[in-house]
There are 4 protein chains.
Amino acid sequence: MAGESRATVMLEEAQSIIQAAQQKAQEIGQPMNIAVVDNGRQLKAFARMEDAWLGSIDIAIDKAFTSASFLLSTQDLGEMAQPGQPLFGINTTNDGRIVIFGGGVLLMRGDEVAGAVGVSGGTPDQDHEVAEAGAAAFS
Amino acid sequence: MAGESRATVMLEEAQSIIQAAQQKAQEIGQPMNIAVVDNGRQLKAFARMEDAWLGSIDIAIDKAFTSASFLLSTQDLGEMAQPGQPLFGINTTNDGRIVIFGGGVLLMRGDEVAGAVGVSGGTPDQDHEVAEAGAAAFS
Amino acid sequence: MAGESRATVMLEEAQSIIQAAQQKAQEIGQPMNIAVVDNGRQLKAFARMEDAWLGSIDIAIDKAFTSASFLLSTQDLGEMAQPGQPLFGINTTNDGRIVIFGGGVLLMRGDEVAGAVGVSGGTPDQDHEVAEAGAAAFS
Amino acid sequence: MAGESRATVMLEEAQSIIQAAQQKAQEIGQPMNIAVVDNGRQLKAFARMEDAWLGSIDIAIDKAFTSASFLLSTQDLGEMAQPGQPLFGINTTNDGRIVIFGGGVLLMRGDEVAGAVGVSGGTPDQDHEVAEAGAAAFS
């Protein structure tokens, strides 16, 4: 099991997270890209809903990557990455894959990190809400 | 028809858009790079006018790519991507191909997205004006 | 419908393709990465089975990308890309995303291209077999 | 005129080259991607015909880039890049943009290099034929 602790998210769980996120996206009427990564920040599952923005494929995956990279939500990271704040400029690291606005949320199994979910397709607030709905289906 | 919906821009249309944009660029006296992408944000046609900046080849293509990625103008995206605004940092996503200043404009066929035009070679305001002239020749 | 013709694969279809491919992978006892792209060669859905190789995440996605890029299987492309054959060297094009061994298969809706499925995690022959099983669930 | 000697191809010429290449492509019944670069190997004009392979966008541009980079056709370069030949491996240089099969042809103005045309969408032999038709419209 390369890159995976025993706590890491399983495929069936990842697919349930995506399903829950899709449902929330449908409720708010905004089609989304939804990605789940394991606790090694590697892609586990992905879904693009009909009519979701093409530019959000990479962003959804990279939001999950970002959350699993630094063990926080991309919403929280975004506050620290504004001009004058301690992590200003972090978004160009890791080959430019670090996303600094909402939509990436950690997946926890008890007190162990299991992975992360990343959502993109609406406003960062909408994305965060949909990611939270996905994460809620996990824990 | 790989990557092309029925609404997507055709080559002859793309060439007319470029011609109209060139004409506007000549009027304002600023040589431009002009790109048209389809609704899958893939390059359909491109032209670089004599003496247009070499650094603007990629920017023109990526402005069109950006508009087709998020279904808005790069001018509008730019406002949302300022420090403290919701999408600050979005320009490093999608392999750094997201442009957050004016010059990328959507092409609509009725209420369906047909693609986008991207212009670079002057100020963002000039680029936007030239892109609008190109788009006006389409719809 | 950005980047999607009416023929393009829908999310629910993509998820069925992945499920059928997973089933075949379980039958042959080899965990796989499975990707589906639309007919604009953009990611639609993805799944990584437990214990599947991490190096195969990108390969699965890029096999699907390759099939949708040139409208053939990566197995067929591989034959044309051998030393002395017409397309030797094609694998370094498109930012190195072209894969020249089996596992990428086209998805056809009647005589229109709907997208492609890419599988990686076993031998190229196993990958191709699993991709074919996925594609069979579509048409 | 950054990157451009007086011999370099002009936009109107590049557009005529593309038109001649399109005509040849229609004659042989194979839709093509056609690119023209200047003698600084930078993109001058591009056109993708309806139904041309998406994977050939980059290849057409990079064939022109390759010809202008080494001042020969990509067909000739391909022979030198086979295993055991002097330039084996050259295709991974220049960020992987070097193409080693037919379809890239130099544009000469008298005995000075004016740029190059690159074509992709059929067999390398077809691509070369269409590129030659484009180049013939120039000199």
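Further up the page is the structure itself.
A quick note: this is a predicted structure, and the numbers were derived from the prediction, not measured.

Calculation notes
- Residues numbered from 1 in each chain as written.
- Chains lettered and ligands numbered in written order.
- Predicted model: local features only at pLDDT ≥ 70, side-chain atom pairs only at ≥ 80, totals over all residues.
- Heavy atoms only, no water.
- Helix = DSSP H or I, 4+ residues; strand = E, 2+ residues; numbered from the N terminus.
- Rg over C-alpha atoms; globule rule 2.2 N^0.38 Å.
- Buried < 20%, exposed > 50% of the residue type's maximum accessible area, 1.4 Å probe, protein only.
- Contact = heavy atoms within 4.5 Å.
- Areas by Shrake-Rupley, 256 points an atom, 1.4 Å probe, with all protein chains shown as cover.
- Lys, Arg positive; Asp, Glu negative; His and termini not counted.
- Charge placed at Lys NZ, Arg CZ, Asp CG, Glu CD.
- Axes fitted to C-alpha atoms, helices over the stretch in contact; angles between N-to-C directions.
- Parallel < 35°, antiparallel > 145°, perpendicular 65-115°, else oblique.
- Left-handed = near helix turned anticlockwise from the far one by under 90°.
- Nonpolar A, V, L, I, M, F, W, Y, C, P; charged D, E, K, R; others polar.
- Least-squares fit on C-alpha atoms with pLDDT ≥ 70 in both.
- Pairing = 2+ DSSP bridges.
- Buried area = accessible area lost by both parts, 1.4 Å probe.
- Salt bridge = Lys/Arg side-chain N within 4 Å of Asp/Glu carboxyl O.
- Polar contact = N/O pair within 3.5 Å; in protein donor to acceptor, adjacent residues only side chain to side chain.
- Phe/Tyr/Trp six-rings, centres within 6.5 Å; stacked < 30°, edge-to-face > 60°.
- Lys NZ or Arg CZ within 6 Å of the ring centre and 35° of its normal.

Caption draft 1: View of the overall build of chain A. Assigned secondary structure in chain A consists of 5 helices and 4 strands. Relative to the compact-globule value of 14 Å for 139 residues, chain A shows a C-alpha radius of gyration of 14 Å, a close match. Each of the three principal axes of chain A carries a C-alpha extent, and together these read 40 × 35 × 25 Å. A buried classification covers 58% of the 139 residues belonging to chain A. Long-range contacts, defined here as pairs at least 24 residues apart, represent 63% of the contacts in chain A between residues at least 6 apart. Of the roughly 5,400 Å² of accessible surface on chain A, 47% is carried by carbon and sulfur atoms. Taking the average location of the 8 positive side-chain charges in chain A and that of its 18 negative ones, the two points are 6 Å from each other.

Caption draft 2: Structural view of the packing of helix α1 (residues 11-28) of chain B against helix α5 (residues 124-136) of chain B. Residue and element names in this part refer to chain B. Between α1 and α5, the shortest axis-to-axis distance is 7 Å and the interhelical angle comes to 140 degrees. By the angle class used here, α1 and α5 are oblique. Both α1 and α5 take part in a crossing whose hand is right-handed. Residues Ile 17, Ala 20, Ala 21, Lys 24, Ala 25 and Ile 28 of α1 form the contact with α5, whose own contacting residues are Gln 126, Glu 129, Val 130, Ala 133, Gly 134 and Ala 135. Considering only residue class, the contact of α1 with α5 consists of 8 nonpolar, 2 polar and 2 charged.

Caption draft 3: Highlighting the relation of the copies chain C and chain A. Between chain C and chain A, which share one sequence, the superposing operator has a rotation angle of 180 degrees and an axial displacement of 0.1 Å; the RMSD is 0.1 Å. Here the symmetry operator amounts to a two-fold rotation axis. Judged by C-alpha distance, C:Phe46 is the residue of chain C that lies nearest the rotation axis, at 2.4 Å. Comparing interface residues between copies, 100% of those in chain C also sit at the interface in chain A, which points to an isologous, same-surface contact.

Caption draft 4: Main features of the sheet that holds strand β2 (residues 43-48) of chain C. An order of β3(A)-β4(A)-β1(A)-β2(A)-β2(C)-β1(C)-β4(C)-β3(C) is seen for the 8 strands of this open sheet, with the pairing classed as antiparallel. Unpaired on one side and paired on the other, β3 (104-109) of chain A together with β3 (104-109) of chain C mark the two borders of the sheet. Shown here is a sheet whose adjacent strand axes are inclined to one another by a mean of 20 degrees, direction ignored. Two elements, strand β1 (residues 33-38) of chain C and strand β4 (residues 112-120) of chain C, share 6 bridges in a ladder whose sense is antiparallel. If you follow C:Ala35 over to β4(C), its bridge partner there is C:Gly118. The strands touched by helix α1 (residues 11-28) of chain A within the sheet are β1 (33-38), β2 (43-48), β3 and β4 (112-120) of chain A together with β2 of chain C, with β2(A) carrying the most contacts at an inclination of about 30 degrees.

Caption draft 5: Local environment of the interface of chain A and chain B. Between chain A and chain B, the residue contacts involve 19 residues of the former and 17 residues of the latter. Buried area between chain A and chain B, summed over both chains or domains, comes out near 1,400 Å², and the portion from carbon and sulfur atoms is 63%. Between chain A and chain B we count 0 salt bridges in total. Our count for the contact surface shared by chain A and chain B stands at 6 residue pairs in polar contact (both at pLDDT 80 or more).

Caption draft 6: Examining the interface of chain C and chain A more closely. On the chain A side, the residues contacting the 23 residues of chain C number 23 residues. The largest contributions to the chain C side of the interface with chain A come from C:Leu43, C:Arg48 and C:Glu50, which together make up 29% of the buried area. Viewed at the interface, chain A and chain C are joined by 4 salt bridges. C:Arg48 is the salt-bridge partner of A:Asp38, the closest N and O atoms lying 2.8 Å from each other. If you look at where chain C meets chain A, you find 13 residue pairs in polar contact (both at pLDDT 80 or more). For the side of chain C that touches chain A, the secondary structure elements donating two or more residues are α1 (11-28), β2 and α2 (56-70) of chain C. It is β2(C) that provides the largest number of residues to the side of chain C that touches chain A, a total of 6 residues. A class-by-class count of the residues in the side of chain C that touches chain A yields 13 nonpolar, 4 polar and 6 charged.

Caption draft 7: Quick look at the environment of B:Ala137. All names here are of chain B. Here Ala 137 is to be found in the segment after α5. On the basis of relative accessible area, Ala 137 is assigned to the partly exposed category, the value being 43%. C-alpha separation for the pair Ala 137 and Ala 14, spaced 123 residues apart in sequence, amounts to 9.6 Å.

Caption draft 8: Representation of the relation of the copies chain A and chain B. Screw-axis analysis of chain A against chain B gives a translation of 0.2 Å along the axis, an RMSD of 0.1 Å, and a rotation angle of 93 degrees. Classification of the inter-copy transformation places it as that of a four-fold axis.

Caption draft 9: Highlighting the packing of aromatic side chains. In total, this model carries 4 aromatic pairs over all chains according to the counting rule given. A centroid spacing of 6.4 Å and a plane angle of 5 degrees characterise the contact between A:Phe88 and B:Phe88, whose relative ring orientation is stacked. One end of the pair, A:Phe88, is in the loop between α3 (74-80) and α4 (93-96); the other, B:Phe88, is in the loop between α3 (74-80) and α4 (93-96), on a second chain. Here the basic side chain of A:Arg97 rests over the ring of A:Phe65, its NZ or CZ set 3.8 Å away from the ring centre.

Caption draft 10: Examining the sheet that holds strand β3 (residues 104-109) of chain B more closely. Here 8 strands make up an open sheet; going across it, the order is β3(B)-β4(B)-β1(B)-β2(B)-β2(D)-β1(D)-β4(D)-β3(D) and the pairing antiparallel. On the outer flanks of this sheet lie β3 of chain B together with β3 (104-109) of chain D, each paired with one strand and no other. Averaged over all adjacent pairs, the angle separating strand axes in this sheet is 20 degrees, with direction ignored. Bridging between strand β1 (residues 33-38) of chain B and strand β2 (residues 43-48) of chain B involves 5 bridges; their strand directions are antiparallel.

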